[in-house]
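Report on the structure
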Amino acid sequence: MLKIAYHPCYEHPLKKGHRFPMEKYDLIPKQLMYEGTCDFENFFKPLKANFCDLIEAHTEAYVNRLLNLQLTKEEIRQSGFPLSKQIVDRELIITQGTIDCSYYALEYGIAMNVAGGTHHAYSNRPDPFCYLNDQAVGATYLLKNRLAKKVLIVDLDVHQGNGTAEIFRNTPEVFTFSMHGKHNYPFEKEISDLDIGLENNCTDDEYLSTLKQVLPKLLKEQQPDFVFYQSGVDILASDKLGKLACSIEGCKDRDQFVLETFFELNIPVVCCMGGGYSKELRTIVEAHCNTFRIANELVN
Ligand SMILES: [Zn+2]
């Protein structure tokens, strides 16, 4: 059974014309239901994450300031989101969704969050579109509760997982792998355990052959017993923020390769959506839905 975290607050009503396409959060579950890939029983509604789980990945001072809506003007500007109780609650629910997914992944092999992958959030500050780093909180949760010994974070969003790299800089139990556009945001990158910066206009062939070389080697060396996958679809040529040139089929092949690799080895994977900013909303939804279709096919 593919369990999927979803809450109506994922589509927070930001101002119309905001460059972050919030509609996708509503449309992805609808599309999956409409086409029959998923049913009501696949979805679950997370509650809000607990303070004590958040401060395993974030500093206590930052979490307190965030929960009390006391971030500085500069921090709020940097986040790209207006700071409100609603948006903080949304972040808390997404983060709990990723934690809950961990249990479902342990049971079924793969679980998905229709949001999250907020990999820019640092231990002590927000970064574009990210107040809390859900996968980092998920990884520390697993380690603290002895549900995993070695966690691998596979971040294939076009933007580097800078916050994730910073949070786990001195944590040998978490290996951070980010493959991203070399010339994309963040322009000053953090150091992950493994970074692969791709040149502009990188095509499917180049993208997939690099990934297929690196991932099996990484698995062998690191021997993770749990994986978080950030499956951003901003690697598409149609993406307004990305600078790569992958096709929607190439993006689908990427997800197939990643999910299949871990599933076949019985390594649980939690997959979170990450970015996607193609001009046409239907392209974004279709690319994300492909990730769910592949996961659903594997677990059934
Ligand atoms: Zn991105």
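Structure first, text after, so check above.
Heads up: these notes are all about the structure in this document. (Residues numbered from 1 in each chain as written. Predicted model: local features only at pLDDT ≥ 70, side-chain atom pairs only at ≥ 80, totals over all residues. Heavy atoms only, no water.)

As a further point, take the coordination of the zinc ion. Those donors, Asp157 (OD), His159 (ND1) and Asp234 (OD), are the protein atoms that reach the zinc ion, and they lie 1.9 to 2.1 Å from it. Overall, histidine 159 belongs to the buried group, its relative accessible area being 7%. (Donors = N, O, S within 2.8 Å, 3.2 Å for Na, K, Ca; no water. Buried < 20%, exposed > 50% of the residue type's maximum accessible area, 1.4 Å probe, protein only.)

Between helix H8 (residues 204–222) and helix H9 (residues 248–264), the least distance of the axes is 10 Å, while the angle of their chain directions is 10°. When the interaxial angle is binned, H8 and H9 end up roughly parallel. In this structure, H8 uses Asp204, Tyr207, Leu208, Leu211, Lys212, Leu215, Pro216 and Leu219 to contact H9, whose residues at the interface are Gly250, Asp253, Arg254, Phe257, Val258, Thr261 and Phe262. (Axes fitted to C-alpha atoms, helices over the stretch in contact; angles between N-to-C directions. Helix = DSSP H or I, 4+ residues; strand = E, 2+ residues; numbered from the N terminus. Parallel < 35°, antiparallel > 145°, perpendicular 65-115°, else oblique. Contact = heavy atoms within 4.5 Å.)

Here the focus is the environment of tyrosine 141. Examined against the element boundaries, tyrosine 141 turns out to sit in helix H6 (residues 134–144). Accessibility expressed as a relative area gives 14% for tyrosine 141, which makes it buried. Expressed as a C-alpha distance, the spacing of tyrosine 141 and glutamate 199, which sit 58 residues apart in the sequence, is 35 Å. Residues contacting tyrosine 141, with those up to four places away along its chain left out, are Asp53, Ile99, Tyr103 and Leu147.

Glancing now at empty space enclosed by the protein. This model, assessed by the stated rule, comprises 2 cavities of 30 Å³ or more. Empty space within the second largest cavity amounts to approximately 40 Å³. Lining the second largest cavity are Ile153, Asp155, Gly161, Thr164, Ala165, Thr176, Phe177, Ser178 and Ser192. Looking at the lining of the second largest cavity, the elements that each hand over two or more residues are strand E4 (151–155), helix H7 (162–167) and strand E5 (174–181). Broken down by element, the lining of the second largest cavity gets its largest block of residues, 3 residues, from E5. A per-class count over the lining of the second largest cavity returns 3 nonpolar, 5 polar and 1 charged. (1 Å grid on protein atoms, 1.4 Å probe; cavity = no way out; pocket = protein on both sides within 12 Å on 5 of 7 lines; lining within 4 Å. Points joined across faces, edges and corners; volume = space filled by probe spheres on them. Nonpolar A, V, L, I, M, F, W, Y, C, P; charged D, E, K, R; others polar.)

To continue, consider the side chain of serine 278. Within the fold, serine 278 resides in the loop between strand E8 (269–272) and helix H10 (281–299). Looking at serine 278, the relative accessible area reads 4%, which means it is buried. Looking at serine 278, its side chain comes within polar contact range of the side chain of serine 238, at 2.8 Å. The contacts of serine 278, once residues within four sequence positions are left out, are Leu236, Ser238, Asp239, Lys240, Thr283 and Ile284. (Polar contact = N/O pair within 3.5 Å; in protein donor to acceptor, adjacent residues only side chain to side chain.)

Neither face of strand E3 (residues 110–113) is left uncovered, since the one carrying Ile110 and Met112 and the one carrying Ala111 and Asn113 both have all their residues buried. Bridge count between strand E1 (residues 3–5) and E3: 3 bridges; the pairing is parallel. In the strand pairing of E3, alanine 5 is matched with asparagine 113. In the sheet, E3 pairs with E8 via 4 bridges, with the strands oriented parallel. Bridge pairing links alanine 111 to valine 270 in E8. (Pairing = 2+ DSSP bridges.)

Throughout the structure, instances matching the rule amount to 14 salt bridges. For arginine 65, the salt bridge identified is with glutamate 75, shortest N-O distance 2.8 Å. Highlighted residues: arginine 65 in helix H3 (residues 60–67) and glutamate 75 in helix H4 (residues 73–79), separated in sequence by 10 residues. Owing to a relative accessible area of 24%, arginine 65 belongs among the partly exposed residues under this scheme. When the shortest N-O distance is used, the salt bridge between arginine 293 and glutamate 286 registers 3.1 Å. Each member of the salt-bridge network shares a partner with another, and the members are Glu35, Glu286 and Arg293. (Salt bridge = Lys/Arg side-chain N within 4 Å of Asp/Glu carboxyl O.)

As a further point, take the packing of aromatic side chains. Applying the stated rule across the entire model yields 9 aromatic pairs. Aromatic pair tyrosine 103 and tyrosine 141: ring centres 6.0 Å apart, planes at 75°, arrangement edge-to-face. Highlighted residues: tyrosine 103 in helix H5 (residues 85–108) and tyrosine 141 in helix H6, separated in sequence by 38 residues. Look at tyrosine 103 and you get partly exposed, because its relative accessible area is 38%. Ring centres 6.2 Å apart and planes at 35° place the aromatic pair phenylalanine 129 and tyrosine 277 in the tilted group. Within this pair, whereas phenylalanine 129 is found in the loop between E3 and H6, its partner tyrosine 277 is found in the loop between E8 and H10, the two being separated by 148 residues in sequence. We note that phenylalanine 129, like tyrosine 277, is buried. (Phe/Tyr/Trp six-rings, centres within 6.5 Å; stacked < 30°, edge-to-face > 60°.)

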